Amino acid sequence: MINGIKLAPSILSADFSRLREQIQECEQAGADYIHIDVMDGRFVPAISVGLLVVEAIRRSTGLVLDIHLMVVEPEKQAGPFMDAGGDIINVHVEAATHLHRIIQDVHQREKRAGVCLNPGTPVGAVEEVLPEVDQVMVMAVNPGASGQRFIESALPKVARLRRLIDEGGFRAEIEVDGGVSPETAPRCAAAGANVVVAASAIFNERGTPGQNIERLQESLSGVRRGA
Ligand code: DX5
Ligand code: ZN
């Protein structure tokens, strides 16, 4: 954690033939969570990873596993992904018919519940559950792939959410997912986010995951919250 901001490497851009090694490198560099993008080919076109990979990652690290469910009918998947070792279960409000019930189920298992907002979904879509959730994920790209460009409207959205959470005295953390880089990460944090997810800024040709994490940490070290 740098300056109160947590870093969640997303394995979506990792080298899966060396996944354990890459995760351990993130852990050593000071990552807080490992973010796992689960795509079902229906909520988003791509199919990524499922339960077996989450189980394998659970055996590879003690870090918090932040599960991002980009799936239809998330009420059917929350349980299995908790069984597989997920610590934070994030569901898209656009996919969940019974959002409140899923949050209850996750809490019953003493896990953390997160809700995700696509770029086109207003903050108001989570207002009723805001007192209940542990995390709100603001997508700064349309979900489905890593390496996309940061959508600027995510920043005022984070700021609006920060106000609602602070005014209500709620505990929810704000996570930004998509297009996070040493350029955008400090702006997310200044707007009020306290968790940033990054795939392509960490797993790339420009450096090792450790070096790239260091760059992100440096970018976050001077941030003034609410600036
Ligand atoms: C997008 C995923 C993100 C993605 C981020 O659908 O939810 O977690 O891996 O990738 P970058 O950091 O490259 O935008
Ligand atoms: Zn994600």
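Our subject is the structure listed above.
Here we summarise the structure given alongside this text. Keep in mind that what you see is a predicted model, and the values were worked out from it rather than measured.

Reading the values: rules and limits
- Residues numbered from 1 in each chain as written.
- Chains lettered and ligands numbered in written order.
- Predicted model: local features only at pLDDT ≥ 70, side-chain atom pairs only at ≥ 80, totals over all residues.
- Heavy atoms only, no water.
- Helix = DSSP H or I, 4+ residues; strand = E, 2+ residues; numbered from the N terminus.
- Buried < 20%, exposed > 50% of the residue type's maximum accessible area, 1.4 Å probe, protein only.
- Contact = heavy atoms within 4.5 Å.
- 1 Å grid on protein atoms, 1.4 Å probe; cavity = no way out; pocket = protein on both sides within 12 Å on 5 of 7 lines; lining within 4 Å.
- Points joined across faces, edges and corners; volume = space filled by probe spheres on them.
- Nonpolar A, V, L, I, M, F, W, Y, C, P; charged D, E, K, R; others polar.
- Near = heavy atom within 4 Å.
- Polar contact = N/O pair within 3.5 Å; in protein donor to acceptor, adjacent residues only side chain to side chain.
- Areas by Shrake-Rupley, 256 points an atom, 1.4 Å probe, with all protein chains shown as cover.
- Sits in = over half its atoms within 2 Å of the grid points.

**Concerning the side chain of arginine 162**
By the element assignment, arginine 162 lies in helix 5 (residues 154-168). Take arginine 162: its relative accessible area is 16%, and that puts it in the buried class. What arginine 162 contacts, discounting residues up to four positions off in sequence, is Ile174, Ala191, Gly192, Asn194 and Arg225.

**Remarks on the layout of surface pockets**
Put simply, the largest pocket is a space of about 350 Å³. If you trace the largest pocket, you find 31 residues lining it, with Gly147, Gly179, Val180, Ala199 and Ser200 closest to the centre. For the lining of the largest pocket, the secondary structure elements donating two or more residues are strand 2 (33-39), strand 3 (64-70), strand 8 (195-198) and helix 7 (209-221). Across the lining of the largest pocket, the residue classes break down as 14 nonpolar, 13 polar and four charged.

**Regarding the site of ligand 1**
Near ligand 1 lie 20 residues; those nearest to it are Gly144, Gly147, Asp177, Gly179 and Ser200. Take histidine 35: an N or O atom from its side chain is 3.3 Å from an oxygen atom of ligand 1. In this structure, an oxygen atom belonging to ligand 1 sits 2.5 Å away from a side-chain N or O atom of serine 200. Protein burial of ligand 1: of its 380 Å² of free accessible surface, 100% is covered by the chains. Of the pockets mapped on this structure, ligand 1 occupies the largest pocket. Every element with two or more residues in the shell around ligand 1 is listed here: strand 2, strand 3 and strand 8. Take the shell around ligand 1: its biggest share by element is three residues, from strand 2. Residues belonging to the shell around ligand 1 are distributed by class as follows: nine nonpolar, nine polar and two charged.

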